[in-house]
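Residue strings, one per chain:
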Amino acid sequence: MIEYNESEQRMVLKLVYYGPAMSGKTTNLLQLHELLPHEGRGDLMVLDTTDDRTIYFDLLPFFIVAPSGLKIKIKVYTVPGQVRHDATRKAVLQRTDGVAFIADSQLSESTNNLASFESLENNLALVGLNIDSLPLVIQFNKRDLKTVVEEGDIHRTWGPTGIPVTMASAINGTGVVETFSLLVDRLYDKIDYRYRLADDHGLEKGMFLQRMISVVEREGDE
Amino acid sequence: MMSSQERLSYVVGEEKRLREVLADGEVSPLLQGLVRAGADNVTIVDAEGTELWAARDIAFAGEPLVALPLNLEGEPVGKVLVFGDGTARPELPAMGKLLALALNTVITNNLKRILTTEIHTTVVNTSFEQLVEINQQLTQSEARYRELAESLERRVNERTAELKKAHSHLLQQEKMAAIGQLAAGIAHEINNPLGFITSNLHTLQKYVNRFGAMLYFFRDQQRLGTSIAEVRELSDRKWQELKLDVVSADVGDLLSQTLAGAERVSGIVADLKGFSHVDELGVVAVDVNREIELTLSVLSHQLNGTVEIVRELQPLPPVKAQPAVLSQVFLNIIQNALQSKAEGLRLTLSTAWDGNRIRISIADNGPGIPPEHRGRIFEPFFTTREVGEGKGMGLAVVYDSVLKLGGTIAVADAADGGADFIITMPLNKE
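**Some thoughts on the overall build of chain A**
So, point 1. In terms of helices and strands, chain A carries seven helices and ten strands.
So, point 2. What you see for chain A is a C-alpha radius of gyration of 17 Å, in line with the 17 Å of a compact globule of 222 residues.
So, point 3. When the backbone C-alpha atoms are referred to their principal axes, chain A occupies close to 50 × 40 × 35 Å.
So, point 4. Looking at chain A as a whole, 57% of its 222 residues are labelled buried.
So, point 5. Within chain A, contacts between residues at least 6 apart in sequence are counted, and of these 69% link residues at least 24 apart.
So, point 6. Summed over all atoms, the accessible surface of chain A reaches about 9,500 Å², with 50% contributed by carbon and sulfur.
So, point 7. A gap of 4 Å separates the mean positions of the 23 positive and 32 negative side-chain charges of chain A.

See below:
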């Protein structure tokens, strides 16, 4: 559901960080904000929170310009994880172009992960999106904790689904960029297929990824 | 080729232009402040270079002293242009930077507020719509349940009425059955005397013929003018021939027997009439003891010789009741007792009055009623007999009738192990 305006040479993309309450969605965005270069990126906007719980959403916008002059804005949102904010989740999830599902690795959270993933499936269907064709990655966060589900078990469970899974400890900044890269990689494939980013706009996947994620310093825009 | 405009509406986070995020009232004072501070001209242009806001002292000319970007979600959407004499006013570039910083901060804060409002409104609207929908569903289901409850009550009432009708029909049938049984017994009772009355009358008919023959003999002899001596001799022979000695001796017995039989029949009819109370259908003053006696007498054919009847009837004041109902009660209880024991049955009927109530007890020496059945014997269709032998309505009729009389009925153990039905009736004074 990419928003594309040919006359203005603008494209707006939307990514959503979804997952159960307290699984570290906002922390992921805070770390991306810290780790990724400042140019071509807006500030992280954290809408109202109560006791560190997101009640609306967080927004981290990216802005890049393709060699053809095509302006691409990528807005990364988080949703509130608490069950009671389902209406907000649905509103934010509307028209998304990709989802990162942030799961809590703690053994005690398995049920919540599952319930949240089911709510993701339901809500995607409700807003008219097909989970099978949507760029989707799963991040198992909080790997730094002790009582966590074993990695082998996670791969055994999620392997058959074909959904890429990453391990992270967002609080320490590990795995955060990897998760985002995987999602952006899939997002590129999806829009390139339809809007011929490489052929028509001179925006190769490598360049797209580099502009979006390069952690090291990069050359400024012309 | 894609359509040139592919706009889709977002619920939240729709793309905004600088004009939508910044208000004139927020921008103008800042620009004017900088002009007052010494700038010649301060202009804000969009990404295409079109002027959006401006404050000027001197007409815009030459190159801007500073040109700083305004960002909306990381995208450069405009520029702050400050014109002036940089030499005369060396602080202008720094003030320009300050202005850009202030405007960028206002943009971020306004955007945050707009997004918050958008999401909040969306969620509230969605929740409201959901609530309205849920409310409608609840109203509908409530209406459905109310309708169901109403029709349920109606259906229960209908079924109850049907059951009541069926029940009273059954009670009526049972009364008819009891009366039918009684009628069969009484028919037998009447048939017996009628049998010998008929037989006697046949014999008497023959005897009358013989007497006639004797009389015709005398008339014929008289007409023939036969001599007295000859007539005497002939008539003796004829008398012998017709065995009139025996016949004369028998006639008396036959007639008295026949009369006794006829009296027995009229006695039975009188009992039956008394028992059925065909003449008194309404509530009258009834002597309970008399009703018991009437019941015993209509049942006499079943009781005589096989059942020992013990009467312990004390004088009772008259009771206001429908006598037919009362005799029905006694009939059914006694018939029930008769079915409990084939031989050697003893029935003890006792009545007593304690000044307030009449107590009637009908006890037998049959097998009695086991305690587990006592709570159920008055229920319709409860029977311990084989299927087809009893409908289980006899005692239900008794219970119904006693209730109608305003009394109570219970069953207890009789002294010799049988059942003792105890009826208590208040003496209704009017």
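**Re the domain arrangement of chain B**
Interface size is often expressed as the accessible area that is lost when the parts come together.
Residue and element names in this part refer to chain B.
So, point 1. Looking at chain B, the domain boundaries give domain 1 (168-272) and domain 2 (277-426).
So, point 2. Inter-centroid distance (C-alpha atoms) of domain 1 to domain 2 is 41 Å.
So, point 3. The partner domain 2 presents 19 residues to the 13 residues of domain 1 that form the contact.
So, point 4. Carbon and sulfur atoms supply 63% of the area buried between domain 1 and domain 2, which totals about 1,500 Å² over both sides.
So, point 5. One can count zero salt bridges joining domain 1 with domain 2.
So, point 6. Counting every contact that joins domain 1 to domain 2 gives zero residue pairs in polar contact (both at pLDDT 80 or more).
So, point 7. The biggest single contributor to the side of domain 1 that touches domain 2 is helix α3 (residues 92-224), with eleven residues.
So, point 8. Here the side of domain 1 that touches domain 2 is composed, by residue class, of seven nonpolar, two polar and four charged.

**Focus: the side chain of Asn104 of chain B**
Residue and element names in this part refer to chain B.
So, point 1. With respect to the secondary-structure elements, Asn104 resides in helix α3.
So, point 2. A relative accessible area of 19% means that Asn104 is categorised as buried.
So, point 3. Here the side chain of Asn104 touches Asn71 through a polar contact of 2.9 Å, landing on its backbone nitrogen.
So, point 4. The residues contacting Asn104, other than those within four sequence positions of it, are Pro69, Leu70 and Asn71.

**A word on the sheet that holds strand β5 (residues 75-83) of chain B**
Residue and element names in this part refer to chain B.
So, point 1. The sheet built from four strands is open, its strands ordered β3-β2-β5-β4 with antiparallel pairing. The open sheet terminates on both sides in strands that have one partner only, identified here as β3 (51-56) and β4 (66-72). Sheet twist, expressed as the average angle between the axes of neighbouring strands with direction ignored, equals 15°.
So, point 2. As judged from the seven bridges shared by β4 and β5, these two strands associate in the antiparallel manner. Within β5, the residue paired with Leu68 across the bridge is Val80.
So, point 3. Packing against the sheet, helix α2 (residues 24-36) makes contact with β2 (41-46), β3 and β5, and its axis sits at approximately 35° to β3.

**What to know about the packing of aromatic side chains**
All names here are of chain A.
So, point 1. In total, this model carries eight aromatic pairs over all chains according to the counting rule given.
So, point 2. With centroids separated by 5.1 Å and ring planes inclined at 85°, the aromatic side chains of Phe101 and Phe117 adopt a geometry described as edge-to-face. Linking Phe101 in strand β8 (residues 98-104) with Phe117 in helix α3 (residues 110-126), this pair joins segments that are 16 residues apart in sequence. Both residues of the pair, Phe101 and Phe117, count as buried.
So, point 3. With a centroid separation of 5.2 Å and an interplanar angle of 45°, the aromatic rings of Tyr188 and Phe208 are classed as tilted.

**Remarks on the interface of chain B and chain A**
So, point 1. Facing 31 residues of chain B, the contacting portion of chain A comprises 35 residues.
So, point 2. Buried surface at the junction of chain B and chain A, both sides included, amounts to about 2,900 Å², of which 54% is carbon and sulfur.
So, point 3. Linking chain B with chain A are eight salt bridges.
So, point 4. Between Arg17 of chain B and Glu8 of chain A there is a salt bridge, with the nearest N and O atoms lying 2.7 Å from each other.
So, point 5. Joining chain B to chain A, the criterion identifies eleven residue pairs in polar contact (both at pLDDT 80 or more).
So, point 6. Within the residue set of the side of chain B that touches chain A, elements represented by two or more residues are β1 (5-6), β5 and α3 of chain B.
So, point 7. It is α3 of chain B that provides the largest number of residues to the side of chain B that touches chain A, a total of ten residues.
So, point 8. Class assignment for the residues of the side of chain B that touches chain A results in twelve nonpolar, eleven polar and eight charged.

What counts and how
All residue numbers refer to position in the chain's written sequence, counted from 1. All chains are assigned letters beginning at A, and all ligands numbers beginning at 1, according to the order in which they are written. Note on the predicted model: pLDDT of at least 70 is required for a residue's local features to be given, and 80 or more for side-chain atom pairs to be given and counted; whole-chain, interface and lining totals, by contrast, use all residues. To obtain the side-chain values, all non-hydrogen atoms of the structure were included, while hydrogens and water were left out. In this text, helices come from DSSP runs of H or I with a minimum length of four residues, and strands from runs of E with a minimum of two, each type numbered from the N-terminal end. Between the two quantities, the radius of gyration covers C-alpha atoms and the globule rule is 2.2 Å times the number of residues to the power 0.38. Classification of residues uses two cut-offs on accessible area relative to the type maximum, computed with a 1.4 Å probe and protein chains only: under 20% is buried, over 50% is exposed, and between them is partly exposed. Should any heavy atoms of two residues lie within 4.5 Å, those residues are considered in contact. To measure how exposed things are, a 1.4 Å probe is used in the Shrake-Rupley method; for residues, cover is taken only from the protein chains shown. When charges are counted, Lys and Arg contribute as positive and Asp and Glu as negative, whereas His and the chain ends are disregarded. Note on charges: their place is set at NZ of Lys, CZ of Arg, CG of Asp or CD of Glu. Domain ranges listed in this record stem from an automatic or a database domain assignment. Summed over both partners, the accessible surface that disappears when two parts come together, traced with a 1.4 Å probe, is what is meant by buried area. For salt bridges, the criterion is a side-chain nitrogen of Lys or Arg within 4 Å of an Asp or Glu carboxyl oxygen. Distance and chemistry together define a polar contact, namely a pair of N or O atoms within 3.5 Å, with one atom able to donate a hydrogen and the other to accept it when in protein, and with adjacent residues in sequence counting only for side-chain atoms on both sides. Amino acids outside the nonpolar list (Ala, Val, Leu, Ile, Met, Phe, Trp, Tyr, Cys, Pro) and the charged list (Asp, Glu, Lys, Arg) are all regarded as polar, and Gly is one of them. Paired strands, in this sense, are two strands between which DSSP finds at least two bridges. Helix axes are fitted to C-alpha atoms over the stretch in contact, other axes to C-alpha atoms as well, and angles between N-to-C directions run from 0 to 180 degrees. Ring pairs shown here join Phe, Tyr and Trp side chains whose ring centres sit within 6.5 Å, with only the six-membered ring taken for Trp; geometry is labelled stacked below 30 degrees between planes, edge-to-face above 60, and tilted in between.

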